[in-house]
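The lines below spell out each chain.
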Amino acid sequence: MTIVTPCPRPEDLYFYLEGELGPYDAAKLEEHIEGCDACREALAERRRLHEAFVSLPPFEVPEGFARSVMESLPEPEKRPLAWLAPLVTAAAALGVGLIGFNLFTGLSVFDILVALNGFFGQAVAQVTPAAVKAIKVAGIVLKVAGDILVAALSGLTTVIRLLGPQGALAIGLLVLLVTLAVIGARRFLNQGEQS
Amino acid sequence: MTEDRQFVSRALKGDRKAFEMIVRKYEQPLTSYLGRVTGEREAALDFAQEIFVKAYCSLASFRPEFKFSTWLFKIASNHLIDHWRKKKLATVSLDQPIDNEDGEVLPQVADPGPSVVRKFELAEIRQKIERALSSVPAGLRELFVLRHVNEFSYEEIADLKGLPVGTVKNRVFQAKELLRKRMEES
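How each quantity is defined
Residues numbered from 1 in each chain as written. Chains lettered and ligands numbered in written order. Predicted model: local features only at pLDDT ≥ 70, side-chain atom pairs only at ≥ 80, totals over all residues. Heavy atoms only, no water. Helix = DSSP H or I, 4+ residues; strand = E, 2+ residues; numbered from the N terminus. Buried < 20%, exposed > 50% of the residue type's maximum accessible area, 1.4 Å probe, protein only. Areas by Shrake-Rupley, 256 points an atom, 1.4 Å probe, with all protein chains shown as cover. pLDDT = per-residue confidence, 0-100. Contact = heavy atoms within 4.5 Å. Salt bridge = Lys/Arg side-chain N within 4 Å of Asp/Glu carboxyl O. Buried area = accessible area lost by both parts, 1.4 Å probe. Polar contact = N/O pair within 3.5 Å; in protein donor to acceptor, adjacent residues only side chain to side chain.

*Asks:* Looking at this model, I keep getting lost on the overall build of chain A. Mind explaining?
*Replies:* Per the secondary structure count, chain A includes six helices and zero strands. Reading the helices (α) and strands (β) of chain A from amino to carboxyl end gives α-α-α-α-α-α. By the burial criterion, 19% of the 195 residues in chain A qualify as buried. About 14,600 Å² of surface is accessible on chain A, with carbon and sulfur atoms providing 70% of the total.

*Asks:* Which parts of the structure should I look at to understand the confidence of the model for chain B?
*Replies:* The predicted coordinates should not be examined in detail at positions where pLDDT is low. All names here are of chain B. Averaged over chain B, the pLDDT score is 83; the fraction of residues at 70 or greater is 81%. Taken together, the stretch residues 92–114 has pLDDT below 50 and engages in 45 contacts with residues farther than four places along the chain or on a different chain. This complex was scored by the predictor with a pTM of 0.60 and an ipTM of 0.75.

*Asks:* Sorry, what's going on with the pattern of salt bridges here?
*Replies:* Enumeration over the complete set of coordinates arrives at 24 salt bridges over all chains. Here A:Asp147 makes a salt bridge to A:Lys143, at a shortest N to O gap of 3.5 Å. With A:Asp147 and A:Lys143 both in helix H6 (residues 109–194), this residue pair falls four residues apart, about one helical turn. Take A:Asp147: its relative accessible area is 46%, and that puts it in the partly exposed class. The exposure class of A:Lys143 is exposed, given its relative accessible area of 57%. A salt bridge links B:Glu3 to B:Lys25, with the nearest nitrogen and oxygen atoms 3.3 Å apart. With B:Glu3 in helix H1 (residues 2–12) and B:Lys25 in helix H2 (residues 16–38), this residue pair connects regions lying 22 residues apart in the sequence. Residue classification places B:Glu3 among the partly exposed positions, given a relative accessible area of 42%.

*Asks:* Just to check I follow, could you spell out the side chain of A:Glu18 for this structure?
*Replies:* Topologically, A:Glu18 is positioned in helix H1 (residues 10–18). Classification of A:Glu18 by relative accessible area gives buried; the value is 13%. Those residues in contact with A:Glu18 that sit more than four places away from it in its chain are A:His50, B:Arg147, B:His148, B:Tyr154 and B:Lys176.

*Asks:* I would appreciate a short explanation of the interface of chain B and chain A in the present structure.
*Replies:* Accessible area lost upon the coming together of the parts serves often as the stated size of an interface. On the chain A side, the residues contacting the 47 residues of chain B number 38 residues. Carbon and sulfur atoms supply 64% of the area that chain B and chain A bury against each other, a total of about 4,100 Å² over both sides. Applying the counting criterion to the chain B and chain A interface returns seven salt bridges. A salt bridge links A:Glu20 to B:Lys169, with the nearest nitrogen and oxygen atoms 3.8 Å apart. The tally of links from chain B across to chain A stands at 16 residue pairs in polar contact (both at pLDDT 80 or more).

*Asks:* Sorry, what's going on with H1(A) here?
*Replies:* For an α-helix, the turn length of 3.6 residues means that residues three or four places apart are oriented alike. Judged by how many residues are buried, H1(A) sits mostly within the fold: eight of nine residues are covered. Among the residues making up H1(A), those that are buried are A:Pro10, A:Glu11, A:Asp12, A:Leu13, A:Tyr14, A:Phe15, A:Leu17 and A:Glu18. Against helix H2 (23–35) and helix H3 (37–53) of chain A together with helix H6 (138–148), helix H7 (154–161) and helix H8 (165–185) of chain B lie the buried residues of H1(A). One or two positions beyond H1(A), positive phi appears at A:Gly19, with a value near 75 degrees.

Structure representation (structure tokens):
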């Protein structure tokens, strides 16, 4: 048989065996091999080598290797109790405050604690009803605002569904234009008042 | 791959069992890679242990969009480079042609020549490859091992080593032709 194509590069023989050669080049190589004894022999040799390359036995890992790796890992860092620091600081500040108060006023710590209890008790008694009222009002305001938002969104969704994306875009542009016109008009009127 | 990400995520939350699963999954391929590249089994086991510790300590830097195996082998490859630097082992530049002992550039195109491989059965060929592998420059040997022992794709090796794919392909080919030549000579 006559050789019709040039001999392939040796690296192409390996790429062919690895399936790394494109279909066109692989077909060309196969066609060439048919008519070239030297290349056929070279390919056969590299095929045997390739089979040996990809079947080299793995290195044995001794039993318990993973365990010994785990034992050699550093211990995770013990994170300090983050919440403890402010608590200790607050207690220390209270202690210092009480001692200072005692030194300045001559009142005993017990008297100070009784006075503090009375002060906080009064404060809580005054603040609690107001806080409850404020929470109730905030709840109502939030509910109303939420209902308005939901209604606005559902209206907008319906409009977009009815008009399609182009329609929605047109409305958006119209709203923008109207807004700009209103702002412009206000500025114009303001200038008129100043002059 | 998803399994690896889950293990990493759990290990980052302090689950040491999850990291042990990673170790069990990769101990064998990693040791094979290190063993074939260094040619020393005991050193390979020591290196594997050190690499797992390194990986554990820098687990937070692993980005889940990448393959865990590539990340782990990148650590291993850098570990070997450090080892070679310390030992001042002659490594091969990946941008220069490979010379043989006589200072001649090895032929890039191998002559088909008389086939020596035909004389041997597959097992014998493997033994010869293992012996010949130690004579291949470390830089080429590593790429050959990553490709044919660890079965990474050329693209993955290129990513792992920070080299162009074409360079990796060329270097793996050179390693194979060097092996073939050494086997012919033996």
